[in-house]
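Report on the structure
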Amino acid sequence: MRLRILLGDHPGTLALKDGSLKSDLVSFDFAQYSPTNKGFKPMVREQAFDVAEMAIVTYLMARSFGKPMVLLPHVVVARHQYAHAVYRADLGNLKPRDLEGRRVGIRSFTTTTGAWLRGILANEHGVNLDAVRWVTFEDAHVAEYVDRTERAPAGKQIVQMLLDGELDAVLGEKVERPGLKPLFPDVAAEEESWFAKYGVLPINHMVVVSQQLADRHPDEVREVFRLLRESAARAPAAAVPQFSADEMRRSLEKIIGYAAQQQLIPRAFAVEELFDDLTEGLGTVG
């Protein structure tokens, strides 16, 4: 069976994408999107692919609106988020609480990195997220979501707006430029403290399959999962996300809680609700 697949270029996907890992059961037509996140919208809105890398917050939102796709218990991208928050150096030494009342840019209010960072700001630093003036550049991947943020003028670029003084800070961008400072000056210490407290590496991207594929072709879904795992296993261990079942569950529970708190989803799902009987059975999630 030939499957349409959206999958970014990552160390853990290399063996699958370069053709060195093959299957007698399935083959793939790889969709070309750069960056990969530009393919999330057609997957959510049109079910454009049989298999797709997917930002976890996009999936949570899609799930809340009944989009016909199911999560596989396979993490493609995970990282700490603290380095992805910067502000204008001319504002002095800003603390997280100083973002209240200021104009903060973010590519889309529903990005996964944004949701992680807002959760950290609210729950670790007491930031009132409703007091921040959010400025966005794109709508949500999920069309039904109502975005109440201020939209940047067409053609404007997020980092340039920050440098030009039209924004005070930006979330979701990792940039080192003259005139900009990191919101968290000691990123390594923040990451170490976060991990010690929660035992969580924040998940950014996992993989979904269409509901139709899961319902009609369970053997092919099992094979896709096997191939993803095998491709990741062929990469250097340090280059791919490493999650035990319990670690995956904890990370998913944390981002579900943040997404619900930020009203990106109507309620906090149980982790089991993200899977169906087939996909949950592929890999225990705690």
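See above for the structure.
Basis of the calculations
- Residues numbered from 1 in each chain as written.
- Predicted model: local features only at pLDDT ≥ 70, side-chain atom pairs only at ≥ 80, totals over all residues.
- Heavy atoms only, no water.
- Helix = DSSP H or I, 4+ residues; strand = E, 2+ residues; numbered from the N terminus.
- Rg over C-alpha atoms; globule rule 2.2 N^0.38 Å.
- Buried < 20%, exposed > 50% of the residue type's maximum accessible area, 1.4 Å probe, protein only.
- Contact = heavy atoms within 4.5 Å.
- Lys, Arg positive; Asp, Glu negative; His and termini not counted.
- Charge placed at Lys NZ, Arg CZ, Asp CG, Glu CD.
- Core = buried A, V, L, I, M, F, W, Y, C linked by side-chain atoms within 4.5 Å.
- Phe/Tyr/Trp six-rings, centres within 6.5 Å; stacked < 30°, edge-to-face > 60°.
- Lys NZ or Arg CZ within 6 Å of the ring centre and 35° of its normal.

Topic: the overall build of the protein
Each helix and strand counted, the protein has 10 helices and 11 strands in total. For the protein, the C-alpha radius of gyration of 19 Å lies close to 19 Å, the compact-globule estimate for 286 residues. Taken along its principal axes, the extent of the C-alpha atoms in the protein is 60 × 40 × 35 Å. The 286 residues of the protein split such that 52% are buried. When contacts within the protein are restricted to residue pairs at least 6 apart in sequence, long-range pairs at least 24 apart make up 79% of them. Separation between the mean location of the 34 positive side-chain charges and that of the 39 negative ones in the protein comes to 4 Å.

Section: the nonpolar core
By size, the foremost hydrophobic cluster in this structure holds 64 residues, and its most contacted members are I56, L252 and L274. Excluding residues that lie within four positions of it along the chain, L252 makes contacts with I56, I203, M206, V271, L274 and F275. Within the second largest apolar cluster, 24 residues are counted, among which are I5, L72, V207 and L228.

Section: the packing of aromatic side chains
In the structure shown here, the tally under the stated rule is seven aromatic pairs. Seen in terms of ring centroids, F109 and W134 are 5.8 Å apart; in terms of plane orientation they differ by 70°. Their pairing is edge-to-face. In this pair, F109 sits in the loop between β6 (103-106) and α4 (112-125) while W134 sits in strand β7 (residues 133-136), placing the two residues 25 residues apart along the sequence. For the pair shown, F109 and W134 are each scored as buried. Directly above the ring of W134 sits R118, whose terminal nitrogen or CZ lies 5.7 Å from the centroid.

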